[in-house]
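# Structural description and commentary
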Amino acid sequence: MSIGRNVMEYKLLICVDSFWPYQDGVSIVTQYLAKGIQRLGNEVMVYTNKRGMDLPDNEIWQGITIKRHSVTCHWPISIVGMDDKSNPQNYIQVISEFEPDVLLVESYGNWQLDWLFDNIELIESKKILHFHSIYPKDEKYHIIQYLLKRNFYNARVDYLAKKYWTRAWKKIALFDLVLHLYEGSGSWNACLQHEVRQNAVLENAVDDIFFSEDMHHKNCQEEETVYLCVANYNDNKNQQMIIEAYKKAKLNEKTKLICIGNRKTNYFEKLQELADEVSEEGKEVVLYVNLERERVIDEFRKADVLIVSSKSEGSPVVLREAAAAAMGIISTDVGDASLIDGIEIAYSIDDMVNAMAKMQDAAYRKNMGECAREWALSHCNRNEKVEWLDRKIRSLLER
């Protein structure tokens, strides 16, 4: 089967917290899956969250129907609808009115999964759950320890998380298919532990533009090294580690560090102060906010090395984008980073300092980048992922 072929049509409803116009990893992956399934001749609707933006309740985007509500999530403490249409009852009504053949729920720990729990047995559609990140708990809760330390907030979080997962595994077992980012991921292992057997792997893929000759970093230059980080500005993404490593590293005079994030946060303000301090010492650091996707891709094109500094991740799309473009890549040991060929893994800030210095060698950078590109060519093709998902869906519908 190839993209564009029209076979038996089906109706797919995707429920996801982040979708177009957002450009975070989950949104990007969901966009290409939705567009790909729709181009195969199927009807696709996406039910999503406004997430604070002034967006219409209903619109058509590239042939896909989008419905939005407004929900604020502080998992596991609360999931709150911000208006009278944003609630579990309306969610179930949207599903009922669309009458999907397949319901695809993206990620967990938010309204799109949690609001289904009370009614999941009544939904006749084939149901697919797509884990986008690692399972967050080792199931060792520390409620008593927190209480003894009078840390009541963390005690409450652990109590609610334990209560949530005790119930959640019973509901997740009712899904017809559970998708994971890679075999052996936290979610994969947890599902096996809880006897959820209907598992499969759907790796993240990247836009074809990253495989183009225009993006191919095959002609590495010695004159200047540009380091790039593309991630939301928050503590988990840990850009502070990158800036501090950049400050410590013994690098050539012509270097630049560029960070790109979605919006200004308190964490961003902290980073900006550190960036200004480092720039005053003669090492240029630039922080960008809310760039258009085309501009972000252009920064990939001009940069030499991508850096991921996260404390935890599932399967960062940016690693695959950089791999496809044969960039030098440095990453903390998160998600499946260690499974991608050609990546320098930084287990500490000193490792990152050393990796930055090594990546100034153009020949070394090119060799590592080509290893990463070779890996990406066999793992990150969007059409292949869409066609795989389409085959899985058709297999479910034939049962």
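Residues numbered from 1 in each chain as written. Predicted model: local features only at pLDDT ≥ 70, side-chain atom pairs only at ≥ 80, totals over all residues. Heavy atoms only, no water.

## Topic: the packing of aromatic side chains
Scanning all chains against the criterion turns up 15 aromatic pairs. Centroid distance Tyr 108 to Phe 131: 5.4 Å. Interplanar angle 55 degrees. Geometry classified as tilted. With Tyr 108 in the loop between strand S7 (102-106) and helix H3 (111-114) and Phe 131 in the loop between strand S8 (126-130) and helix H4 (143-148), the pair connects residues that are 23 residues apart, well separated along the chain. For Phe 131, a relative accessible area of 0% corresponds to the buried category. Aromatic side chains Tyr 227 and Tyr 246 sit 6.2 Å apart centroid to centroid with 65 degrees between the ring planes, which places their arrangement in the edge-to-face category. (Phe/Tyr/Trp six-rings, centres within 6.5 Å; stacked < 30°, edge-to-face > 60°. Helix = DSSP H or I, 4+ residues; strand = E, 2+ residues; numbered from the N terminus. Buried < 20%, exposed > 50% of the residue type's maximum accessible area, 1.4 Å probe, protein only.)

## Description of the packing of helix H1 (residues 25-39) against helix H13 (residues 382-397)
In contact at an axis separation of 9 Å, H1 and H13 are set at 65 degrees when each is read in the N-to-C sense. Put simply, H1 runs roughly perpendicular to H13. Here H1 runs over H13; the crossing is right-handed. On H13, the residues touching Ile 28, Tyr 32, Leu 33, Gly 36, Ile 37 and Arg 39 of H1 are Arg 382, Asn 383, Val 386, Leu 389 and Asp 390. Along the lines of polarity and charge, the residues of the contact of H1 with H13 split into 6 nonpolar, 2 polar and 3 charged. (Axes fitted to C-alpha atoms, helices over the stretch in contact; angles between N-to-C directions. Parallel < 35°, antiparallel > 145°, perpendicular 65-115°, else oblique. Left-handed = near helix turned anticlockwise from the far one by under 90°. Contact = heavy atoms within 4.5 Å. Nonpolar A, V, L, I, M, F, W, Y, C, P; charged D, E, K, R; others polar.)

## Comments concerning the environment of Ile 95
Here Ile 95 shows up in helix H2 (residues 88-98). Given the relative accessible area of 5%, Ile 95 is considered buried. Linking Ile 95 and Ser 187, residues 92 residues apart in sequence, is a C-alpha distance of 26 Å. Discounting residues that sit within four places of it in the chain, Ile 95 has contacts with Leu 13, Pro 100, Leu 103, Leu 116 and Ile 123.

## Some points on the sheet that holds strand S13 (residues 284-289)
Reading across the sheet, the 6 strands line up as S13-S12-S11-S14-S15-S16 and stay open at both edges, with parallel pairing between neighbours. Here the strands that pair on one side only, and so sit at the sheet edges, are S13 and strand S16 (343-346). Neighbour to neighbour, the strand axes of the sheet diverge by 20 degrees on average, direction disregarded. Pairing of strand S11 (residues 225-230) with strand S14 (residues 305-308), which is carried by 2 bridges, proceeds in the parallel orientation. Note on S14: the bridge partner recorded for Leu 228 is Leu 306. Along the sheet face, helix H9 (residues 293-302) touches S11, strand S12 (255-261), S13 and S14 and points at about 145 degrees away from the line of S11. Contacting S11, S14, strand S15 (328-332) and S16, helix H10 (residues 317-324) runs over the sheet at an angle of about 165 degrees to S14. (Pairing = 2+ DSSP bridges.)

## A short note on the pairing of S16
Judged by which residues are buried, S16 turns out to be covered on both faces: Ile 343 and Ile 345 on one side and Glu 344 and Ala 346 on the other are all buried. With 4 bridges joining them, S15 and S16 adopt parallel strand pairing. When the bridges of S16 are listed, Ile 329 appears paired with Ile 343.

## Some remarks on the nonpolar core
Most often, soluble globular proteins have nonpolar side chains that are buried together. Grouped together as the largest cluster of nonpolar side chains are 36 residues, with contacts concentrated most on Leu 116 and Ile 172. Of all the elements in the fold, those that place two or more residues in this core are strand S1 (11-15), strand S2 (43-49), H2, S7, H3, helix H5 (152-172) and helix H6 (186-193). Among residues more than four places away in sequence, those in contact with Ile 172 are Leu 129, Phe 131, Trp 165, Val 178, Val 196 and Gln 198. Core analysis: the second largest hydrophobic core is formed by 32 residues, Val 206, Ile 260, Leu 306 and Trp 375 among them. (Core = buried A, V, L, I, M, F, W, Y, C linked by side-chain atoms within 4.5 Å.)

## Quick word on the confidence of the model for the protein
Averaged over every residue, the pLDDT of the protein is 93; the share at 70 or more is 96%. Note on residues 1-7: pLDDT is under 50 here. Beyond four places in sequence and across chains, it has 20 contacts. (pLDDT = per-residue confidence, 0-100.)

## Examining the environment of Val 94
As for its position among the elements, Val 94 is in helix H2. Separated by 242 residues in the primary sequence, Val 94 and Asp 336 place their C-alpha atoms 35 Å from one another. Each residue touching Val 94, except ones within four places of it in the same chain, is listed here: Met 45, Tyr 47 and Lys 67.

## Topic: unusual backbone geometry
Phi is mostly negative for residues that are not glycine, and the peptide bonds are mostly trans. Here the amide bond leading from Trp 20 into Pro 21 is cis, since omega sits at 10 degrees, within 30 degrees of zero. Following Trp 75, the chain continues into Pro 76 via a peptide bond in cis, with omega recorded as 0 degrees. Positionally, Pro 76 belongs in the loop between strand S5 (71-74) and strand S6 (78-81). At Glu 99, a position not held by glycine, the phi torsion is positive, near 55 degrees. Inspection of the secondary structure assignment puts Glu 99 in the loop between H2 and S7. Judged by its relative accessible area of 59%, Glu 99 is exposed. Even without being a glycine, Arg 150 presents a positive backbone phi close to 60 degrees. Looking at the element boundaries, Arg 150 is found in the loop between H4 and H5.

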